[in-house]
Amino acid sequence: MTRENRRLDLLLLAALFCCAALPWYHIRSGFYGFDWLSDWAGEPLFWPLVAQLSPAQWWLWPFVPLVIAVGLLRHLCAPGPDRGGRLMALGAAGLVWLLVEGLAVGLRGWNWSLWETLFGPVAGQPAFGAGAVGLALCCLAMISFGLAERGALKGDVFVLSAITLLVGLVATFVLYPLLSMFTGAFQDFRGAFTTEGVAKNIGDPQIWSLRCVVGTGGCGVAWRTFFLALCTATGTTLLGLAFALVATRTRMPFKKGLRLMTVLPIITPPFVIGLSLILMFGRSGFVTEFIGDVTGWDPGRWLYGLTGIWIAQMLSFTPIAFLVLVGVVEGVSPSMEEASQTMRAGRWRTFRKVSLPLMAPGLANAFLIGFIESMADFGNPLVLGGSGGVLSTEIFFAVVGAQHDPARAAVLATVLLCFTLSAFLAQRLWLGRRNFATLSGKGDGGRHALLPRRVAAPVIALVTGWSLFTLFVYGMILFGGFVKVWGLDHSLTLAHYVRAFSVSFGDGLAWTGVAWDSFWTTMKIALIAAPLTAAVGLLTAWLIVRQRFPGRGVFEFALMLSFAIPGTVIGISYIMAFNLPPIQMTGTALILIFCFVFRNMPVGVRGGVAAMSQLDGSLDEASLTLGASSPRTLFKVILPLLRPAILAALVYSFVRAVTSISAVIFLVSAKYNMATAYIVGLVENGDYGVAIAYSSVLIVVMISVIGGFQLLVGDRRLRRGEGDARRAAARRIEEVPA
Amino acid sequence: MSFSQRGAVAFRGIRKAFGAFVAIPDLNLTIAPGELVTLLGPSGCGKTTTLRMLAGLEAPTEGQILIGGEDVTRLPANRRDVSMVFQSYALFPHMSVAQNVAYGLEAGGMKSRPARAAAREGLDLVGLSGMADRLPSELSGGQQQRVAVARALVLEPQVLLLDEPLSNLDARLRRRVRTEIRELQQRLGFTAVYVTHDQEEALAVSDRIVVMLEGQVAQAGPPRELYEAPASEFIADFIGEANVIDCEVTQVSDGTATVAIGAVQQTVPAREAVPGPAKLAVRANAIRLRPGRGELPGRVLSAAYLGDHMEYEVETDLGRFFAIVAESDTPMPQGSDIAVEFRSRGLALIT
Ligand SMILES: Nc1ncnc2c1ncn2[C@@H]1O[C@H](COP(=O)(O)OP(=O)(O)O)[C@@H](O)[C@H]1O
Ligand SMILES: [Mg+2]
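Note on numbering: residues in each chain are counted from 1, in written sequence order. In the order they appear in the text, chains get letters beginning with A and ligands get numbers beginning with 1. For this predicted model, a pLDDT threshold of at least 70 governs which residues receive local features, and a threshold of 80 or more governs which side-chain atom pairs are given and counted, while totals over whole chains, interfaces and linings are taken from all residues. Where side-chain values are given, they derive from all heavy atoms of the structure, hydrogens and water being excluded.

Colleague: Looking at this structure, how should I read the domain arrangement of chain B?
Modeller: As a measure of interface size, the accessible area lost when the parts come together is often cited. As far as domains go, chain B holds domain 1 (9-228) and domain 2 (241-350). Summarising the inter-unit geometry, the C-alpha centres of domain 1 of chain B and domain 2 of chain B are found 39 Å apart. Domain delimitation in this document rests on an assignment produced automatically or drawn from a domain database.

Colleague: Hey, could you run me through the site of ligand 1 in this one?
Modeller: Near ligand 1 the following residues occur: Arg548 of chain A together with Phe18, Phe21, Ala23, Ser43, Gly44, Cys45, Gly46, Lys47, Thr48 and Thr49 of chain B. Here a polar contact means two N or O atoms within 3.5 Å. Within protein one must be a hydrogen donor candidate and the other an acceptor candidate, and residues neighboring in sequence count only if both atoms are side-chain atoms. Contact between ligand 1 and Thr48 of chain B: an oxygen atom at 2.5 Å from a side-chain N or O atom of the residue. A distance of 2.5 Å is found between an oxygen atom of ligand 1 and a side-chain nitrogen or oxygen belonging to Thr49 of chain B. Here the element with the most residues in the shell around ligand 1 is helix α1 (residues 47-55) of chain B; it accounts for three residues. If even one non-hydrogen atom of a residue comes within 4 Å of a molecule or strand, that residue is called near it. Under the DSSP-based scheme used, a helix requires at least four consecutive residues in state H or I and a strand at least two consecutive residues in state E, with every element numbered from the N terminus.

Colleague: Could you clarify how one ought to interpret the UniProt feature "domain: ABC transporter" (unreviewed entry) in chain B in this entry?
Modeller: UniProt positions are given in the numbering used here, feature names are shortened, and annotations may be inferred rather than shown by experiment. Within the UniProt annotation, "domain: ABC transporter" (unreviewed entry) is assigned to residues 9-239 of chain B. Taken end to end, residues 9-239 of chain B comprises 36% helix and 26% strand; its first and last C-alpha atoms sit 25 Å apart.

Colleague: Would you mind going over the environment of Thr342 of chain A with me for this structure?
Modeller: By the element assignment, Thr342 of chain A lies in helix α16 (residues 334-342). Separated by 290 residues in the primary sequence, Thr342 of chain A and Arg632 of chain A have C-alpha atoms spaced 55 Å apart.

Colleague: Is there a simple way to explain the side chain of Thr288 of chain A in this structure?
Modeller: Residue and element names in this part refer to chain A. Take Thr288: it is sitting in helix α14 (residues 286-295). Residue exposure (1.4 Å probe, protein chains only): buried if accessible area is under 20% of the type maximum, exposed if over 50%, otherwise partly exposed. Thr288 gets classed as buried once you look at its relative accessible area, which sits at 6%. At 3.1 Å, the side chain of Thr288 and the backbone oxygen of Phe281 are in polar contact. For this analysis, residues touch if any pair of their heavy atoms sits within 4.5 Å. Ignoring any residue separated from it by four or fewer positions in sequence, one finds Thr288 in contact with Met280, Phe281, Gly282, Arg283, Asp298 and Pro299.

Colleague: Got a minute to help me understand the side chain of Ser630 of chain A in this structure?
Modeller: All names here are of chain A. Looking at the element boundaries, Ser630 is found in helix α28 (residues 630-641). Looking at Ser630, the relative accessible area reads 6%, which means it is buried. At a separation of 2.7 Å, a polar atom in the side chain of Ser630 contacts the side chain of Asp156. Apart from the residues lying within four places of it in its own chain, the contact partners of Ser630 are Asp156, Phe158, Val159, Trp542 and Leu624.

Colleague: What should I look at first to understand the confidence of the model for chain A in this one?
Modeller: For any part of a model where pLDDT is low, the fine detail of the predicted coordinates should not be relied upon. Residues and elements named next belong to chain A. pLDDT is defined as a per-residue confidence score from the predictor, taking values between 0 and 100. Across chain A, the average pLDDT comes to 81, with 91% of residues at 70 or higher. Under a pLDDT of 50 for its full length, residues 437-444 has, in the predicted model, 10 contacts with residues more than four places off or in other chains. A low-confidence stretch, residues 715-738 stays under pLDDT 50, and its non-local contacts, those more than four residues away or across chains, total 43 contacts.

Colleague: Looking at this structure, I do not really get a nonpolar patch on the surface. What am I missing?
Modeller: All names here are of chain A. On the surface, Trp58, Trp61, Val96, Leu99, Val100, Leu103, Trp112, Leu114, Leu118 and Phe119 cluster together into a nonpolar patch covering about 980 Å² of accessible area. Put simply, the parts of the chain that give the nonpolar patch at least two residues each are α4 (81-104) and α5 (113-119). Take the nonpolar patch: its biggest share by element is four residues, from α4. When you line up the elements, Leu118 lands in helix α5. Residue Leu118 is classed as exposed on the basis of its relative accessible area of 62%. Put simply, a patch holds well-exposed residues, over 30% relative accessible area, that have no salt bridge, with like charges counted together within 9 Å and Val, Leu, Ile, Met, Phe, Trp or Tyr side chains within 5 Å. All accessible areas in this document rest on Shrake-Rupley with a 1.4 Å probe, and a residue is counted as covered only by the protein chains that are shown. Between Lys or Arg on one side and Asp or Glu on the other, a salt bridge is scored when a side-chain nitrogen of the former is within 4 Å of a carboxyl oxygen of the latter.

Colleague: Explain the pairing of strand β7 (residues 159-163) of chain B to me, please; I cannot follow it from the model alone.
Modeller: In regular strands, side chains alternate between the two faces of the sheet. Residues and elements named next belong to chain B. With five of five residues buried, β7 is to be regarded as a mostly interior element. Of the two faces of β7, both are covered, the one formed by Val159, Leu161 and Asp163 as well as the one formed by Leu160 and Leu162. By the bridge criterion, four bridges tie strand β6 (residues 82-85) to β7 in an arrangement that is parallel. What sits directly across from Val85, in β7, is Leu162. Here a strand pair is declared whenever DSSP counts at least two bridges between the two strands.

Colleague: What should I look at first to understand the domain arrangement of chain A in this one?
Modeller: Residue and element names in this part refer to chain A. The domain boundaries assigned to chain A delineate domain 1 (3-150), domain 2 (207-433 + 454-480) and domain 3 (514-735). Between domain 1 and domain 3, the C-alpha centre-to-centre distance is 31 Å. Each partner contributes residues to the interface: domain 1 has nine residues there, and domain 3 has five residues. A 1.4 Å probe defines the accessible area here, and the buried area is the portion of it lost by two parts on being joined, summed over both. Of the roughly 620 Å² buried between domain 1 and domain 3, counting both surfaces, carbon and sulfur atoms make up 66%. Linking domain 1 with domain 3 are zero salt bridges, by the criterion used here. Along the contact surface separating domain 1 from domain 3 lie one residue pair in polar contact (both at pLDDT 80 or more).

Colleague: I'm lost on unusual backbone geometry in this one. Help?
Modeller: Residue and element names in this part refer to chain B. Even without glycine at this site, Tyr89 takes up a positive phi of about 75°. Here Tyr89 is to be found in the loop between β6 and α2 (97-107). Taking the relative accessible area as the measure of exposure, Tyr89 reaches 5% and is therefore buried.

Colleague: Would you explain the UniProt feature "domain: ABC transmembrane type-1" (unreviewed entry) in chain A in this entry?
Modeller: Per the UniProt annotation, the sites labelled "domain: ABC transmembrane type-1" (unreviewed entry) are residues 222-427 and 519-707 of chain A. Overall, residues 519-707 of chain A shows 77% helix and 0% strand. The separation of its end C-alpha atoms is 20 Å.

Colleague: Would you take a moment to explain the pairing of strand β9 (residues 208-213) of chain B for this structure?
Modeller: All names here are of chain B. The element β9 is extensively covered by neighbouring structure, given that five of its six residues are classed as buried. The sheet contact formed by strand β3 (residues 36-40) and β9 spans four bridges and is parallel. Bridge pairing in β9 places Val37 opposite Arg208. Inspection of the sheet shows β9 paired to strand β10 (residues 216-221) by five bridges, in the antiparallel sense. In the sheet register, Met212 faces β10, and the bridge partner there is Val217.

Colleague: I keep staring at the interface of chain B and chain A and nothing clicks. Help me out?
Modeller: Counting residues at the interface gives 32 residues for chain B, matched by 29 residues for chain A. With both sides pooled, the region where chain B packs onto chain A buries about 2600 Å², and carbon together with sulfur makes up 57% of that total. Ranking the residues of chain B by area buried against chain A places Asn78, His94 and Tyr103 of chain B at the top, with a combined share of 21%. Our count for the contact surface shared by chain B and chain A stands at two salt bridges. The shortest N-O distance in the salt bridge between Arg548 of chain A and Glu58 of chain B comes to 3.5 Å. Mapped onto the side of chain B that touches chain A, the elements with two or more residues apiece are α1, β6, α2 and α4 (141-153) of chain B. Sort the elements by how many residues they give to the side of chain B that touches chain A and α2 of chain B lands first, with four residues.

Colleague: Explanation requested: the sheet that holds β9 of chain B in the structure shown.
Modeller: Residue and element names in this part refer to chain B. With respect to topology, six strands assemble into an open sheet ordered β6-β7-β8-β3-β9-β10, the strand pairing being mixed. Each end of this open sheet is capped by a strand with a single partner; those strands are β6 and β10. In this sheet, neighbouring strand axes are inclined to one another by 20° on average, regardless of whether the strands run parallel or antiparallel. Simply put, an axis is a line fit to the C-alpha atoms, just over the touching stretch for a helix, and the angle between two N-to-C directions goes from 0 to 180 degrees. Running over the sheet, α1 touches β3, β6, β7, β8 (191-196) and β9 and is turned about 150° from β7. The sheet strands contacting α4 are β6 and β7, and the helix crosses β6 at an angle near 175°.

Colleague: I'm lost on the pattern of salt bridges in this one. Help?
Modeller: Between side chains of opposite charge, pairing is possible as soon as their charged atoms come close. Residues and elements named next belong to chain B. In total, this model carries 22 salt bridges over all chains according to the counting rule given. Arg176 is paired through a salt bridge with Glu180; the nearest N and O atoms lie 3.7 Å apart. Within this pair, Arg176 and its partner Glu180 are both found in helix α5 (residues 171-188), separated by four residues, close to a single helical turn. For Glu180, a relative accessible area of 28% puts it in the partly exposed group.

In structure tokens:
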């Protein structure tokens, strides 16, 4: 049994390296520049742990006995449950101490005055650097090695390490930011505890006022957001149902085209719809002007406010509702309807008494998804909000605007989070109890009954109208980029594209357009984030589907819960968590990457879970009984079979990283500006031409990425019957709500 | 590990619980090297669980498992010297047949060239030499099954585990493949644990059958012993569909017992019988039906024509009998009165 000792030796080496070679503290100029290597000797900030040890920094000392204790364990104890237990205890102790000292001692000394009176004043310390992070990982490894030696999960150290690593990552990048946000609400500018901010904001009539219902005046922003979400959810569900019915139960032509529509929300940066609506119905929109010319009536600024946001959200989220509902409508087994018809029920009666009730859970699901999407939407309200915003934009302006009130932002974010999480939990509870999906593995033949005529006619009319409207809106985006000055001078021009994307070949290639900078940053960061997202997502999916470990249900639930965290909340929590020691990342590319990975990971998880559930579990077991280790099983058997799911996860996390705005806008910096944030800046300056040109380019790029991917996967149909499963896996991942 | 122990298996005080549900309360079982042991029992009795514990895919809640005299209870599946043929075959669909067979060898550290060569030998062994470069989806069910066997065998494991290996094949093929597996096992002399719920299959291939019921061993022994001397009503019924009836042992002498079945007197092997009331297993083919009246009168409840034989259900004072009669040219019509008689071979006292 030397395997246990060998890996412990490696762990010891790694821990020693982290303590004796890597800089313990955060390096402002960036670790990966490796500039620090040249000044290593002269600059104490770059020194590793062993060089930082001084009586003044006594809180660093405990790490020395920790590493020594691990070394002693290695050489004095035989591998076994006993040593495993001690190893776990040491790892946990190391992590806890790192956490405590990191949180307690900030840049300028103690973070809480209480500690100062207890332990006396101390000098401050910078944030964790490579050494500290490395040691934290070593502690995680100690815990998993310890668990393995105790025989947990049949002693599979790979699986145990993967689980501890994931738990550590989720704790750091999901839980810790949220907690920081909550505590942020209770701190003043210098970090001292105060309830003033919360007290002031929690009862703020601007948030909670109900004056629009009783009395006069406007309602609070919380109620407005809630009301908007209800309207959007109702509207998108009804429209989505209409589309789903048309797609499955009528003889309308162009049905295939409807399915294409479902990719739109994924490839469109979320504010683009709002932008296009402004071009049509804004003060100088062409519809407005047309009406003005013909009737002399000026509709005014009606678009800016809840009505406009509502229309934009309807356009944005109807495809999502359609995607959910088309599965539901197809899932109603035709034989149920045929049974009803053989019992002398007419089409209308069958539809009302059998089909609709069977679809009810699906409708509720679509409603709740619409509700959450609307609550979390940031792009459309930002562009169309005008004076009366919604929660997500209020949060943004509380941080970046003139008010600069982090406590207010935290309170608002908490309110928003409560709304979305309640909706999510309601969805889970509701669906848990009534799930009568009648879809079974058996193809039970039969065809869906066509819609009764009196329903079909209005539904087809509605769907056709709305589709035309959507097409029109998107056409407007493409067209708007070629017009000189919208509303004033409608002559065609390429000027906006030239300004954004010009290149010059003077001496060598020079990217002279204003958009290139953010464009390349976006591509770079999205390209780095996508494989990480896919890897983390699929690893998680594998653990959830294939490994039985205690707490798996909770783990899965927590991950799915992160679906319901609005991007704005993530953004605000990230700047609150990662702006100051112990972990400092704001203004770097790293924070953007982590944000994308943990925001988009649920997409990868869902796709991976769906694809992996289709793989026979005995394939893994066969591989194990043939003597392959679990990493070998994962890489040689599971991953090759999941290739389409991997590609899908890659593409979708890439696309979503490129088109998202809500979290990103908090995290961009001058050095790392993202395309969407840059476009929003253009819109705020009224620079619509370039903004629209840039947006169209993004949409076209995303369409080609997705199209290329579909071609790739479509071509991978191997021999007999395999293609179907592959395409099903690829399709499944599209069904994830954005 | 002494060489003579290679291939020996022992379960010692094994208990397996899934949460609150106890699948296997207390299992003790030893398997000799080179033996083919069948785990037989109704669905849900714990056969697969037992096999998976031996493979290392499931950890026992309590107890010890030994393979080749070595305690492997805490060893993960990939470090145990056993390999398994799965019910669904579990061939890796993205690898060719040869790659499938070489997979375990390469996982064990063999270079790919010798692994390929060994894989080809393995395929020769099961008669699939020409199929090395096909994908599993391009093989028939029986061929896939043989690839699964070859894949497990090339590792030369101490023990080969087979979980209902034939259940995905049609009846005709099942007979052929089970003979092939048995021949291979006797030729190469490895230990095999074979799970099935089909008593005929068990009788045909085993050195020893272990009949399980609700996680317990109901009876273990060579096929003939189980058939001829069932230890319980359950065994008698499960192996060879016997009618179990009450009888009275009137006399025991010289290893034969005289039993009274109603008014019928019959001699059967005594086993450990003592005079007094007892239970008798009557095989369906040990019943003769004669038109007219006799010592045990009965009436035909139903009759089914099956080509070369007839199946009857007969009502008598002693209860219902299920009878298989080889003669099918002059069937007895439903509702007719008949006399029931017994052959002495095919009767067994349950002890
Ligand atoms: N993973 C599991 N979780 C809970 N119960 C299980 C699990 N696997 C098997 N069982 C139960 O254990 C019993 C034995 O199952 P199994 O060994 O598969 O039976 P079989 O003899 O048909 O192969 C069954 O009642 C089954 O429901
Ligand atoms: Mg089974």
